[in-house]
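# Structural overview for review
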Protein chains: 2
Amino acid sequence: MARRISPQNPESRNTTDGRRVEQQAENHRRTRKAHLSEIAEDYVEVIAELIDSNGEARAVDIARRLGVTHVTVVKTIARLVREDLVSTKPYRSIFLTDAGRQLAEKARHRHQIVVRFLKSLGVSDAAANADAEGIEHHVSAETLQAFEQYCRRMNHE
Amino acid sequence: MARRISPQNPESRNTTDGRRVEQQAENHRRTRKAHLSEIAEDYVEVIAELIDSNGEARAVDIARRLGVTHVTVVKTIARLVREDLVSTKPYRSIFLTDAGRQLAEKARHRHQIVVRFLKSLGVSDAAANADAEGIEHHVSAETLQAFEQYCRRMNHE
DNA sequence: TATTATATGTAGCCTTCGCTACACATGTTG
DNA sequence: CAACATGTGTAGCGAAGGCTACATATAATA
Ligand SMILES: [Mn+2]
Ligand SMILES: [Mn+2]
Ligand SMILES: [Mn+2]
Ligand SMILES: [Mn+2]
């Protein structure tokens, strides 16, 4: 049983199939890579929100909003500093660099569109907000545009 | 500048705001948790595919489809064994447990719905397939239902 | 101002998912 | 069956994101 059709046996290794498999791998790689930027996006998004509403972003507030401890925030912020998305001074609050502000703006924009889209589809506010937090990071420009278009169509009728 | 309205100053700490912040934290926690199951879902999904098409799932094939090395596969499979989703014997291929099969079925189903939904929205095949790989893991039952409903509406007209 | 509450920072731990390098088992083929 | 190709396993590394415990700094207040 369990006859071996695959690896060493070329049967399932034709070019067509090989291309399909490579495409699948590429999609998974993209998704994994997206996950690396997810956290960065959520951080700068929350930081931008805090700066808007409070005038500044402090580690405890970021921690509270992300549901992690302040230690985790401090460590992650260190990475974001390395990546030139935020800047800090000891015992002072956290600032966005130009790149960080830009990323935050993009993230916020996308977040809003995804939420609006889900609501337009008939999803409840609670579920829309919850799901958007994950979905937002995996939406390509093309898909985002489709979401926007759908919202527009819904409103203009 | 940068007046301090937040932490030690109660101004932005009323109950309403506090609840909103707690909700936001909960959404982020959910998303993080979802990420832990993402990889498990992708693995069992790919394993199920391979068993269907090849009669068995081997580490190299899983690796090829996920775009990682076989070492990563072996290590992750070890975790899935601990979690009772798959089983292995040394130098033999990889099998799904009942729980694994069940999860794979759910993952495949969801994956298909998300892809169909995106295509129905007008997204290209390439983008739909790529984006679905990430989106699928962040779609609640409610949202999935909304996706299905939309597809049905599109077909029945 | 002294005390207390809150915020920030640091040390050190864990887990997961990646990788390379190399050893060993199994399958294929001359 | 011997040689070679392919698959599997293991050792050991790194980066990230979590955490607790504890030290230090800053802010609020008695
Ligand atoms: Mn998010
Ligand atoms: Mn967001
Ligand atoms: Mn996936
Ligand atoms: Mn999938």
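Just so it is clear, the structure is predicted and the values come from calculations on it, not from any experiment. (Residues numbered from 1 in each chain as written. Chains lettered and ligands numbered in written order. Predicted model: local features only at pLDDT ≥ 70, side-chain atom pairs only at ≥ 80, totals over all residues. Heavy atoms only, no water.)

A separate point is the interface of chain A and chain B. The interface of chain A with chain B comprises 57 residues on the first partner and 57 residues on the second. Where chain A abuts chain B, roughly 4900 Å² becomes buried across the two surfaces, and 49% of that area is made up of carbon and sulfur atoms. If you look at where chain A meets chain B, you find two salt bridges. In this structure, the salt-bridge partner of Asp131 of chain A is Arg30 of chain B, at a minimum N-O distance of 3.4 Å. Elements with a contribution of two residues or more to the side of chain A that touches chain B: helix H1 (15-54), helix H2 (59-66), helix H4 (98-120), helix H5 (125-135) and helix H6 (141-155) of chain A. (Contact = heavy atoms within 4.5 Å. Buried area = accessible area lost by both parts, 1.4 Å probe. Salt bridge = Lys/Arg side-chain N within 4 Å of Asp/Glu carboxyl O. Helix = DSSP H or I, 4+ residues; strand = E, 2+ residues; numbered from the N terminus.)

Residue and element names in this part refer to chain B. Counting through the fold element by element, Leu50 comes out in helix H1 (residues 15-54). A relative accessible area of 0% places Leu50 in the buried class. Apart from residues no more than four positions distant in its own chain, Leu50 is found in contact with Gly55, Glu56, Ala57, Asp61, Ile62 and Arg65. (Buried < 20%, exposed > 50% of the residue type's maximum accessible area, 1.4 Å probe, protein only.)

Here the focus is the coordination of the manganese ion (ligand 3). Residues and elements named next belong to chain B. Listed as protein donors to the manganese ion (ligand 3) are Asp42 (OD), Glu133 (O), Glu133 (OE), Glu136 (OE) and His137 (NE2); their distances from the metal cover 2.0 to 2.3 Å. Between consecutive donor residues of the manganese ion (ligand 3), the sequence gaps follow D-x90-E-x2-E-H. The distance between the manganese ion (ligand 3) and the manganese ion (ligand 4) comes to 3.5 Å, and Glu133 binds to both of them. Of the two residues, Asp42 is situated in helix H1 and His137 in the loop between helix H5 (125-135) and helix H6 (141-155); the sequence distance between them amounts to 95 residues. For Asp42, a relative accessible area of 8% translates into the label buried. (Donors = N, O, S within 2.8 Å, 3.2 Å for Na, K, Ca; no water.)

On to empty space enclosed by the protein, then. With the rule as written, the count across this model stands at one cavity of 30 Å³ or more. The volume enclosed by the largest cavity comes to roughly 30 Å³. In this structure, the largest cavity is lined by Phe117, Leu118, Ile135 and Phe147 of chain A together with Leu118, Ile135 and Phe147 of chain B. Here the lining of the largest cavity is built from residues that sort into seven nonpolar, no polar and no charged. (1 Å grid on protein atoms, 1.4 Å probe; cavity = no way out; pocket = protein on both sides within 12 Å on 5 of 7 lines; lining within 4 Å. Points joined across faces, edges and corners; volume = space filled by probe spheres on them. Nonpolar A, V, L, I, M, F, W, Y, C, P; charged D, E, K, R; others polar.)

Each α-helix winds once per 3.6 residues, and so residues spaced three or four apart point in a common direction. Residues and elements named next belong to chain A. Taking 1.5 Å of rise per residue, the 13 residues of helix H3 (residues 70-82) would be expected to cover 18 Å, and the 18 Å separating its terminal C-alpha atoms lies within 8% of that figure. Burial in H3 covers these residues: Val73, Thr76, Ile77 and Leu80. When H3 is viewed along its axis, its buried side chains cluster within an angular range of 110° and face the same direction. Across from the buried face of H3, at angles greater than 90 degrees, the exposed residues are Val71, Lys75 and Arg82. One or two residues past the end of H3 sits Asp84, with phi positive at roughly 60°. (Expected span 1.5 Å × (residues − 1). Arc of directions from axis to C-beta.)

It is worth spelling out unusual backbone geometry at this point. All names here are of chain A. Positioned with a positive phi, Asp84 is a non-glycine residue whose angle comes to about 60°. Note on placement: Asp84 falls in the loop between H3 and strand S1 (86-88). Relative accessible area serves as the criterion here: at 47%, Asp84 is assigned to the partly exposed category. For Tyr91, which is not a glycine, the phi torsion comes out positive at approximately 60°. Its place among the elements puts Tyr91 in the loop between S1 and strand S2 (94-96).

Following the criterion strictly, the structure yields zero disulfides over all chains and no others. Residue Cys151 of chain A stays outside any disulfide, its sulfur separated by 17 Å from that of Cys151 of chain B, the closest cysteine. Residue Cys151 of chain B is classed as buried on the basis of its relative accessible area of 8%. (Disulfide = S-S within 2.5 Å.)

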